[in-house]
Amino acid sequence: MKKISIIIPAYNEEDSLPILYDRIKKLMDNMSSYEFEILFVNDGSKDKTIEIIKEIREKDNRICYVDFSRNFGKEIAMIAGLDYATGDCVIFMDADLQDPPELIPELVKYWEEGYDDVYAKRRSRKGETWLKKFTSMMYYRILQKLTKIEIQKDTGDFRLLDRRCVNALKKLRESQRNTKSMFSWIGYKKKEVLYDRDPRVAGSTKWNYGKLVDLAIDGITSFTTSPLRLSTFIAIPTFILLFVYFVYVIAKCVIIHQAIQAFQAIILLILFFSGVQILLFGIVGEYLGRIFNETKNRPLYLVNEYNGKKEMND
Ligand code: UDP
Ligand code: MG
């Protein structure tokens, strides 16, 4: 019998979990020709999430969990899920039921037909503000313009991956992860399935605009380091100052016919070249920061316990 692992990262999802389990249980009962493993990755939740997972595991041993020692973020929770999943294929799903489990039989159907990466593409997004929809649309556009790898638009992380995709993804151990672009990077035979994205059932989104901007910048540069931002923040006012002073000098020249004086030209040149220098310096800092981060070679996450057994980190 083939085994399907459903990986669910969960951060403060105590309200969604009981509803989620009911829906998944129904699904598992309907697909009795497969063996299932529901692998929760508790990403350092501060509420009762882990207690609820343990409670469900008491009565259903298909429920497994990895419990992080603190909050590491969804991207890291996903790679941990891949590390611990034992299935012939894995399915990533959010804990808030925005990804309907009822779509899973269709994903599995295409997997059985030989596709390696069956991803769910959003046809609509209920319960999300127009601002979030708009920024998300712009983000995909910009990201695609900046990279040669084909990006799947309007897809979240809801997808089915064959074991060999899982093994491939496990080899990408960088610490600043952008899993979405990794799905594109590994390639393999992809298939798209359309679905309507539901509003979340309970609790509130773990994202705010600050986090989203961060994710966007990480996705675009694939490597974020603060020196670049700092330099950019200094470079922008420099260029604004340059522009204002330039307009002032030219206006004086045109309106009161005062010839451009040497000191004015010098100020303009200094502003221009210092602006350019600060900007280029920031770019160098960006690469340097990346080298720095990768040479640290830290483990990507630390696990508190796996299926009730304490992880000793040996
Ligand atoms: N999540 C996580 N760690 C975090 C933030 C979120 O594991 O630091 C999980 C969360 O529990 C949910 C999924 O990632 O299962 C998606 O989060 P959310 O629904 O808040 O994001 P949105 O759907 O609003 O983009
Ligand atoms: Mg959500």
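Heads up: these notes are all about the structure in this document. (Residues numbered from 1 in each chain as written. Chains lettered and ligands numbered in written order. Predicted model: local features only at pLDDT ≥ 70, side-chain atom pairs only at ≥ 80, totals over all residues. Heavy atoms only, no water.)

Some points on the pairing of strand β1 (residues 3-10)
(1) Moving on: Buried residues dominate β1, accounting for 8 of its 8 residues.
(2) Moving on: The sheet contact formed by β1 and strand β2 (residues 35-42) spans 8 bridges and is parallel. Bridge assignment links I7 to a residue of β2, and that residue is L39.
(3) Moving on: Read as a crossover between parallel neighbours, the route from β1 over helix α1 (residues 17-30) to β2 is right-handed.
(4) Moving on: Two strands pair when backbone bridges link them, and β1 and strand β4 (residues 89-92) are joined in this way by 4 bridges, in the parallel orientation. Bridge pairing in β4 links I4 to C89. (Buried < 20%, exposed > 50% of the residue type's maximum accessible area, 1.4 Å probe, protein only. Helix = DSSP H or I, 4+ residues; strand = E, 2+ residues; numbered from the N terminus. Pairing = 2+ DSSP bridges. Right-handed = clockwise from strand over helix to strand, strands pointing away.)

Quick notes on the site of ligand 1
(1) Moving on: By nearness alone, 18 residues border ligand 1, and E13, D43, D96, Q98 and K206 come closest of all.
(2) Moving on: A distance of 2.8 Å is found between an oxygen atom of ligand 1 and a backbone nitrogen or oxygen belonging to Y11.
(3) Moving on: A distance of 2.6 Å is found between an oxygen atom of ligand 1 and a side-chain nitrogen or oxygen belonging to E13.
(4) Moving on: In the complex, the protein chains occlude 94% of the 530 Å² of accessible area that ligand 1 would expose alone.
(5) Moving on: The class makeup of the residues in the shell around ligand 1 is 5 nonpolar, 4 polar and 9 charged. (Near = heavy atom within 4 Å. Polar contact = N/O pair within 3.5 Å; in protein donor to acceptor, adjacent residues only side chain to side chain. Areas by Shrake-Rupley, 256 points an atom, 1.4 Å probe, with all protein chains shown as cover. Nonpolar A, V, L, I, M, F, W, Y, C, P; charged D, E, K, R; others polar.)

Here's the deal with the environment of I283
(1) Moving on: In this fold, I283 is placed in helix α10 (residues 262-296).
(2) Moving on: Taking C-alpha positions, I283 is 14 Å from I236, a pair spaced 47 residues apart along the chain.

Describing the coordination of the magnesium ion (ligand 2)
(1) Moving on: Coordination sphere of the magnesium ion (ligand 2), protein contribution only: D96 (OD) and Q98 (OE1), at 1.9 Å.
(2) Moving on: Classification of D96 as buried rests on a relative accessible area of 3%.
(3) Moving on: Classification of Q98 as buried rests on a relative accessible area of 10%. (Donors = N, O, S within 2.8 Å, 3.2 Å for Na, K, Ca; no water.)

Thoughts on the pattern of salt bridges
(1) Moving on: According to the stated counting rule, one finds 13 salt bridges in the structure shown.
(2) Moving on: Between K74 and D94 there is a salt bridge; the shortest N-O distance is 2.9 Å. Linking K74 in helix α3 (residues 74-84) with D94 in the loop between β4 and α4 (104-112), this pair joins segments that are 20 residues apart in sequence.
(3) Moving on: When the shortest N-O distance is used, the salt bridge between D157 and K74 registers 2.9 Å. (Salt bridge = Lys/Arg side-chain N within 4 Å of Asp/Glu carboxyl O.)

A word on the side chain of D96
(1) Moving on: Topologically, D96 is positioned in the loop between β4 and α4.
(2) Moving on: The residues contacting D96, other than those within four sequence positions of it, are E13, S16, R200 and V201. (Contact = heavy atoms within 4.5 Å.)

A few points about the pairing of strand β3 (residues 63-68)
(1) Moving on: Counted residue by residue, β3 has 6 buried out of 6 residues, so it is predominantly covered.
(2) Moving on: Two strands pair when backbone bridges link them, and β2 and β3 are joined in this way by 5 bridges, in the parallel orientation. If you follow V41 over to β3, its bridge partner there is V66.
(3) Moving on: With respect to chirality, the unit in which β2 leads through helix α2 (residues 49-59) into the neighbouring parallel β3 is right-handed.

Digging into helix α6 (residues 163-170)
(1) Moving on: Those residues of α6 that sit buried are C165, V166, A168 and L169. In a view along the axis of α6, the buried residues occupy a sector of 160°, so they form one face of it.
(2) Moving on: Each element contacted by the buried residues of α6 is listed here: α3, β4, β6 (155-162) and α7 (179-186). (Arc of directions from axis to C-beta.)

Remember that the coordinates give geometry; whether it matters functionally is a separate question.
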